[in-house]
Amino acid sequence: MLPCFSERFGNPSSVYALAREAQVTMERARGRVAAAIGASTDEIFFTSGGTEADNWAIKGVAAANKKKGDHIVTSAIEHHAVLHPCKSLEKQGYRVTYLPVDEFGRVDPASVEEAITDATILVSVMTANNEIGTIQPIRAIAEIAHDHGIPFHTDAVQAIGAIPIDVDALGIDLLSLSAHKFGGPKGTGALYVRQGTRVGTFIDGGAQERGRRAGTENVPGIVGLGKAIELATAEMPAKAPRLAAMRDRLIRGILDAIPDTRLNGHPTERLANNVNVAFRYVEGESILLSLDTLGVAASTGSACTSASLEPSHVLTACGLPHEHAHGSLRLTLGSRNTDDDVDYVLSVLPRVIERLRKMSPLNPER
Ligand SMILES: *Cc1c(COP(=O)(O)O)cnc(C)c1O
C-alpha cells in the first residue's frame, strides 16, 4: 500500500502514465478478489467496507425489483449492516421476514421455503455469524431461493479467509466482504454481483466502478484488500486447523473449569477463530474490564454494539435467557495467537468469574 501514498499517487480515472499505473494496480487487486471467491473480475465492485456492500446489496436489489415485488427474507441474527437497511426499507413500505434460528444460531432452510411469497425479491442470509461463529447452510438456502427465481445475497464478511467460498459452488448471487476482517486495511471492502443480477446503482456520480459506485477509488485500500485476500486464502488451509485446535482447547478448558457456563453458537459448524461462552450470574461488561486489566482483549456482543446495554440480538434470537445473554464473553483468535495465550486465559478467567460471582447480586448462592 505504501507506494500508493507517495510516488505512485495516480488517479486511476486519468489518462497519463502515472494514472494508468494506478489503474493496473487496482485491476490486479480486483483480479485477486475475484480469484479468491471464484468470480470474474467484472463482477467485483469496490466499496468502503462491509457495511456499504451490505447496504448496496439490500437497497440496490430492492430498488431494481420494485415493480416485481416488495418482500425480503433475511435472518434475525444478521449484522446490523443488513438488519438496519432492512428496517429502513420497511419504513418505505417493503416487507421483511426475519427468520428465526435454533439454539445454535442456525437457520433452517425449510423456513426459507415457507417464508417465500410471490412478492419475494431477495433472500439474504449471512455465511457465518460475527458474534457466535455459527456457519449457515447457505448452499441449501441459495438453492431454495433459486428454485423460486430469487437472487441470494450473503454477508460473507466473517467467512472470507476462514472457510472456502466459491460463489458458483454455493449459488451466491451477491456477496459482501470487508478487508479489515482478514488482515487488510479498515474502510475497504467489495460487493460481488453475479453477471445478470438486477441491482441498482448505490452512489451516483462519476463513471468509477463501471458507473455503479461513483467516487474516486481508495487505491491504497484496494491494493491492501487485494493482497490481504490473496494471503488469507492461501494461508487458510494451514491456519484454520491451527486456530480450531486452540479454539477447542479454550472452550473445553473454560467449560471444564467454570460451573454454570455454556457454549454459545454451534459446537461444530463454527468459525475456527470463535469462542463465545455464557456465564450465569455475571455481567459481560465486568468480565471485559477485568480481562482488559490482565491484558486480554475480549468482547461481549459485536464491537459495534458493546457501547449499548441491550443484550445481543443474536443471543436473544438463540433463545438465551437475558441473565445468560448478559454474561456472555467472546474471544476471537488470530494468526498471531499461540498456545501460551490459551494457557494464559485459562489460568486467569476462572478466578475472574469466581470473584465477579461473589459480588453479583444475581447470584443466589452468594
Ligand atoms: C464487521 C462486519 C460487517 C461490517 O463491515 P465493516 O467493514 O466494518 O463495515 C458486516 N457484517 C459482518 C458479519 C461483520 O462481521
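Residues numbered from 1 in each chain as written. Predicted model: local features only at pLDDT ≥ 70, side-chain atom pairs only at ≥ 80, totals over all residues. Heavy atoms only, no water.

By the naming in an unreviewed UniProt entry, the protein is Cysteine desulfurase, taken from Methanoculleus chikugoensis. If you open the UniProt record of the protein and go to Subunit (unreviewed entry), you find "Homodimer." (UniProt positions renumbered as here; feature names shortened; annotations may be inferred.)

Novice: Lay out the packing of aromatic side chains with the relevant residues and their values.
Specialist: Within the structure shown, the criterion is met by 2 aromatic pairs. Judged by centre distance (5.6 Å) and plane angle (70 degrees), the ring pair of Phe 45 and Trp 56 falls under edge-to-face. Linking Phe 45 in strand β1 (residues 44-47) with Trp 56 in helix α3 (residues 50-64), this pair joins segments that are 11 residues apart in sequence. According to the relative accessible area criterion, Trp 56 is buried, its value standing at 0%. (Phe/Tyr/Trp six-rings, centres within 6.5 Å; stacked < 30°, edge-to-face > 60°. Helix = DSSP H or I, 4+ residues; strand = E, 2+ residues; numbered from the N terminus. Buried < 20%, exposed > 50% of the residue type's maximum accessible area, 1.4 Å probe, protein only.)

Novice: Could you give an account of the site of the ligand, with specific residues and numbers?
Specialist: Neighbouring the ligand are 13 residues; Thr 51, Asp 155, Gln 158, Ser 178 and Lys 181 lie closest to it. Between Thr 51 and the ligand, the recorded distance is 2.6 Å, taken from a side-chain N or O atom to an oxygen atom. Side-chain polar atom of Ser 178 to an oxygen atom of the ligand: 2.6 Å apart, as the coordinates give it. Contact with the protein chains covers 87% of the free accessible surface of the ligand, which is 380 Å². (Near = heavy atom within 4 Å. Polar contact = N/O pair within 3.5 Å; in protein donor to acceptor, adjacent residues only side chain to side chain. Areas by Shrake-Rupley, 256 points an atom, 1.4 Å probe, with all protein chains shown as cover.)

Novice: Could you give an account of the nonpolar core, with specific residues and numbers?
Specialist: Ranked by internal contacts, the top residues of the largest apolar core, which has 56 residues, are Val 123 and Leu 175. With 6 residues, the single largest contributor to this core is helix α2 (residues 17-37). Inspection of this core shows a minimum of three residues originating in each of domain 1 (2-231) and domain 2 (236-359). With near-sequence residues (within four places) excluded, Val 123 lies in contact with Val 73, Val 112, Ile 116, Ile 141, Ala 145, Ile 150, Pro 151, Phe 152 and His 153. Among the nonpolar cores identified, the runner-up in size contains 27 residues, and Ile 251, Ile 254, Ile 353 and Leu 356 belong to it. (Core = buried A, V, L, I, M, F, W, Y, C linked by side-chain atoms within 4.5 Å. Domains from an automatic or database assignment. Contact = heavy atoms within 4.5 Å.)

Novice: Outline the side chain of Ser 75, supporting the account with residue identities and numerical values.
Specialist: On the secondary structure map, Ser 75 appears in strand β2 (residues 71-75). A relative accessible area of 1% places Ser 75 in the buried class. In terms of polar contacts, Ser 75 uses its side chain to reach the side chain of Glu 78, at 2.8 Å. Excluding its chain neighbours within four sequence positions, the residues that come into contact with Ser 75 are Leu 83, Tyr 98, Leu 99, Val 107 and Ser 124.

Novice: Before we move on, could you go through the environment of Lys 239 and cite the residues and values that matter?
Specialist: Counting through the fold element by element, Lys 239 comes out in helix α8 (residues 219-257). Classification of Lys 239 by relative accessible area gives partly exposed; the value is 27%. For the pair formed by Lys 239 and Lys 227, sequence separation is 12 residues and the distance between their alpha carbons is 17 Å.

Novice: Before we move on, could you go through the environment of Ala 244 and cite the residues and values that matter?
Specialist: Locating Ala 244 in the fold gives a position in helix α8. Through-space distance from the C-alpha of Ala 244 to that of Asn 273 is 6.4 Å; in sequence the pair is 29 residues apart.

Novice: Kindly report on the sheet that holds β1, identifying the contributing residues and their values.
Specialist: Read from one edge of the open sheet, 7 strands run β1-β7-β6-β5-β4-β2-β3, paired in mixed fashion. This sheet does not close on itself; its edge strands, each paired only once, are β1 and β3 (95-99). Taking the axes of each pair of neighbouring strands and ignoring which way they run, one obtains an average angle of 20 degrees across the sheet. Two elements, strand β5 (residues 152-155) and strand β6 (residues 174-178), share 3 bridges in a ladder whose sense is parallel. From the neighbouring strand, His 153 faces β6, where its bridge partner is Leu 174. (Pairing = 2+ DSSP bridges. Axes fitted to C-alpha atoms, helices over the stretch in contact; angles between N-to-C directions.)

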